[in-house]
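# A closer look at the structure
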Amino acid sequence: TSSNAEATALDNGLWTLSVNATTATATWTALTPGGTPPPARASACYGYDPVRRRLIVFGGEIINDTLADTVEYDVAANTWLAITAPGSPTKRGSAVCTFDQRVNKLALYGGVTSPSGTPQSAAFEYDPSGPLWRAIAPMPNAGSLTFAAPTYSADAGGMMFFGGRTSAIGTSQATWTLRLNGTPRLVLPAALAYDESVLAVMPATVSDVDLTDVHVWTWTQDGG
């Protein structure tokens, strides 16, 4: 809530917008969640996880600085949760973010480490099942970028973003798609028993959203 490019007054209220398509009306409602509300901020990185029904928030800009915390809002429980996730990006605001429903991860690109700083080109993915942050190196690289307009596209298979600021005065009109690599899923049958010295074949099913991946599996004897 400021009249210039940098945050001078901050608010950490949480609101929900209910839309009635039949009557073409919409209603804003202030929420009173449990837990400890995260500090007020502007230009945070965020994405909604529809499977776990959680809003994921990372970083953002405060007065004369930026943040590097990860928090989640649990819609069903109406509560804030502070998340400790290894591999977290350094503090930044105005990063390009969205939740990639194809691989169930939050994608983050670019941002600035200070409110008027130089745009970054680093990319990260956040796996809420860990929880775990991981630096990634997509090729080609979209270059230094902040303030781009992102969305998730099922057709494109990832986060699409347009425009943004490339420097203190430079802007972009390019459109990019960032596709995260999915985690392969291996499904084994029920436990099977074989006599010694018997050559056996155990059928299994593997699924992977990235068809070009090469899968190598290694057996490890646990005992016996």
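See the structure shown above.
Everything numeric here is computed off the predicted structure, so don't read it as measured data.

Further remarks concern the sheet that holds strand 6 (residues 79-83). Strand pairing in a sheet is mediated by backbone hydrogen bonds. Such pairs are either parallel or antiparallel. Strand order across the open sheet formed by 4 strands is 3-4-5-6, with antiparallel pairing between neighbours. What marks the edges here is a single partner per strand, and that holds for strand 3 (45-49) and strand 6. Neighbour-to-neighbour, the strand axes of this sheet turn through a mean angle of 25 degrees, independent of strand direction. Pairing between strand 5 (residues 65-74) and strand 6: 5 bridges, direction antiparallel. If you follow Y73 over to strand 6, its bridge partner there is W80.

Right, let's talk about the sheet that holds strand 12 (residues 158-162) for a bit. The strand order across the open sheet built from 3 strands is 11-12-13, with neighbouring strands paired in antiparallel fashion. Strand pairing shows two members of the sheet lacking a second neighbour, strand 11 (149-153) and strand 13 (175-178), which therefore form its edges. With direction set aside, neighbouring strand axes in the sheet form an average angle of 25 degrees. In terms of strand pairing, strand 11 meets strand 12 through 5 bridges, oriented antiparallel.

The rules we used
- Residues numbered from 1 in each chain as written.
- Predicted model: local features only at pLDDT ≥ 70, side-chain atom pairs only at ≥ 80, totals over all residues.
- Heavy atoms only, no water.
- Pairing = 2+ DSSP bridges.
- Helix = DSSP H or I, 4+ residues; strand = E, 2+ residues; numbered from the N terminus.
- Axes fitted to C-alpha atoms, helices over the stretch in contact; angles between N-to-C directions.

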